[in-house]
Amino acid sequence: MSLYIQSYLTDAAKVKKVFGCKNKLFFEKAMLKLRDELDDLDADYDEQINFDKNAKTVLLNIINGKIQFNDMAFMYVHIYEKLCSVFGEQVFPPNDEYSVPYFKAIGLKPSAFLPIPLEKAKPFVYSIPVDKLNKEKQWFLGLTKPEDMSQKDFDLEQNDFAFIFDKAIKENKDLVFTMY
């Protein structure tokens, strides 16, 4: 299975407010909005979940400000991604897909706007607050072209990342990348 990168423009302040809010109404609304996606996550990880440890209980953990399942970092990352989409939007690059080799070459360490366990491999998440977008954009676009890559391909890959950074800067939104 090949890796795929997604990007979200979001409101980190709203995402952060979810952790520990203990808001039953928010949980119910999130369940209505995300029910199918949470069910899909449970189906994707059916061998690693059970009645007490699943996508819905991880969402509830986050809302209650608890991290009960450190062995399920993968699920916390997925739920975090879903929350970023609730308070934002998924954005696609002009060339349809981000380059996984280019993204990996940047050498990022996982990060989130919430204090959740993070995976180092997949699912991988990298979160950039709006006040660091310009610096991060320079870092993302500062790679040297690999010898085995054509200039045209390298330019396309850089243009995809430049596009999303420019969009986030223009809209004054926080930026989140996921890879799995």
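Refer to the structure printed above.
Reading the values: the criteria
- Residues numbered from 1 in each chain as written.
- Predicted model: local features only at pLDDT ≥ 70, side-chain atom pairs only at ≥ 80, totals over all residues.
- Heavy atoms only, no water.
- Helix = DSSP H or I, 4+ residues; strand = E, 2+ residues; numbered from the N terminus.
- Rg over C-alpha atoms; globule rule 2.2 N^0.38 Å.
- Buried < 20%, exposed > 50% of the residue type's maximum accessible area, 1.4 Å probe, protein only.
- Contact = heavy atoms within 4.5 Å.
- Areas by Shrake-Rupley, 256 points an atom, 1.4 Å probe, with all protein chains shown as cover.
- Lys, Arg positive; Asp, Glu negative; His and termini not counted.
- Charge placed at Lys NZ, Arg CZ, Asp CG, Glu CD.
- Salt bridge = Lys/Arg side-chain N within 4 Å of Asp/Glu carboxyl O.
- 1 Å grid on protein atoms, 1.4 Å probe; cavity = no way out; pocket = protein on both sides within 12 Å on 5 of 7 lines; lining within 4 Å.
- Points joined across faces, edges and corners; volume = space filled by probe spheres on them.
- Nonpolar A, V, L, I, M, F, W, Y, C, P; charged D, E, K, R; others polar.
- Axes fitted to C-alpha atoms, helices over the stretch in contact; angles between N-to-C directions.
- Left-handed = near helix turned anticlockwise from the far one by under 90°.
- Polar contact = N/O pair within 3.5 Å; in protein donor to acceptor, adjacent residues only side chain to side chain.

**What about the overall build of the chain?**
And step 1. In terms of regular secondary structure, the chain is built from seven helices and four strands.
And step 2. Scanning the chain from its N terminus toward the C terminus, one meets helices and strands in the order β-α-α-α-α-β-α-β-α-α-β.
And step 3. In terms of C-alpha radius of gyration, the chain reaches 17 Å, essentially the compact-globule figure of 16 Å for 180 residues.
And step 4. Relative to its full complement of 180 residues, the chain shows a buried share of 44%.
And step 5. Counting only contacts in the chain whose residues sit at least 6 apart along the sequence, the fraction spanning at least 24 positions is 74%.
And step 6. Accessible surface computed for the chain: about 9,800 Å², of which carbon and sulfur atoms make up 50%.
And step 7. On the chain, the mean spot of the 24 positive side-chain charges and the mean spot of the 28 negative ones are 8 Å from each other.

**Focus: the side chain of Glu 157**
And step 1. Relative to the elements of secondary structure, Glu 157 occurs in helix α7 (residues 151-171).
And step 2. Among buried Asp, Glu, Lys and Arg side chains, Glu 157 stands out as unpaired, with Lys 145 the closest opposite charge at 10 Å.
And step 3. Not counting the four nearest positions on each side in its chain, Glu 157 is found in contact with Ser 99, Tyr 102 and Met 149.

**Observations regarding unusual backbone geometry**
And step 1. At the junction of Lys 122 and Pro 123, the peptide bond is cis and its omega measures out at -5° in the coordinates.
And step 2. Note that Pro 123 resides in the loop between α5 (100-105) and β3 (124-128).
And step 3. Not every positive phi belongs to a glycine, and Lys 22 is a case in point at roughly 55°.
And step 4. One can find Lys 22 in the loop between α1 (12-18) and α2 (24-44).

**Quick look at empty space enclosed by the protein**
And step 1. Taken as a whole and judged by the stated rule, the model has one cavity of 30 Å³ or more.
And step 2. Estimated volume of the largest cavity: approximately 40 Å³.
And step 3. Surrounding the largest cavity, Tyr 4, Ile 5, Gln 6, Ser 7, Gln 90, Val 91, Phe 92, Pro 93, Asp 96, Glu 97 and Tyr 98 form its lining.
And step 4. For the lining of the largest cavity, the elements supplying multiple residues, two or more each, are β1 (5-10) and β2 (88-91).
And step 5. Tallying contributions element by element places β1 first for the lining of the largest cavity, with three residues.
And step 6. For the lining of the largest cavity, the residue count by class is six nonpolar, three polar and two charged.

**What about the packing of α2 against helix α3 (residues 55-64)?**
And step 1. At their nearest, the axes of α2 and α3 sit 9 Å apart, and the two run at 140° to each other. Classified by chirality, the crossing of α3 by α2 is right-handed. Here Phe 26, Phe 27, Ala 30, Met 31, Leu 38, Asp 39, Leu 41 and Asp 42 of α2 lie close against α3, whose contacting residues are Ala 55, Lys 56, Leu 59, Leu 60 and Ile 63.
And step 2. Residue composition of the contact of α2 with α3, grouped by class: ten nonpolar, no polar and three charged.

**A short note on the environment of Ser 150**
And step 1. Looking at where Ser 150 falls in the secondary structure, it is placed in the loop between α6 (133-140) and α7.
And step 2. Looking at Ser 150, the relative accessible area reads 34%, which means it is partly exposed.
And step 3. Distance in space between the C-alpha atoms of Ser 150 and Pro 101 is 14 Å, their sequence separation being 49 residues.
And step 4. Of note is the side chain of Ser 150, whose polar atom sits 3.0 Å from the backbone nitrogen of Asp 153.

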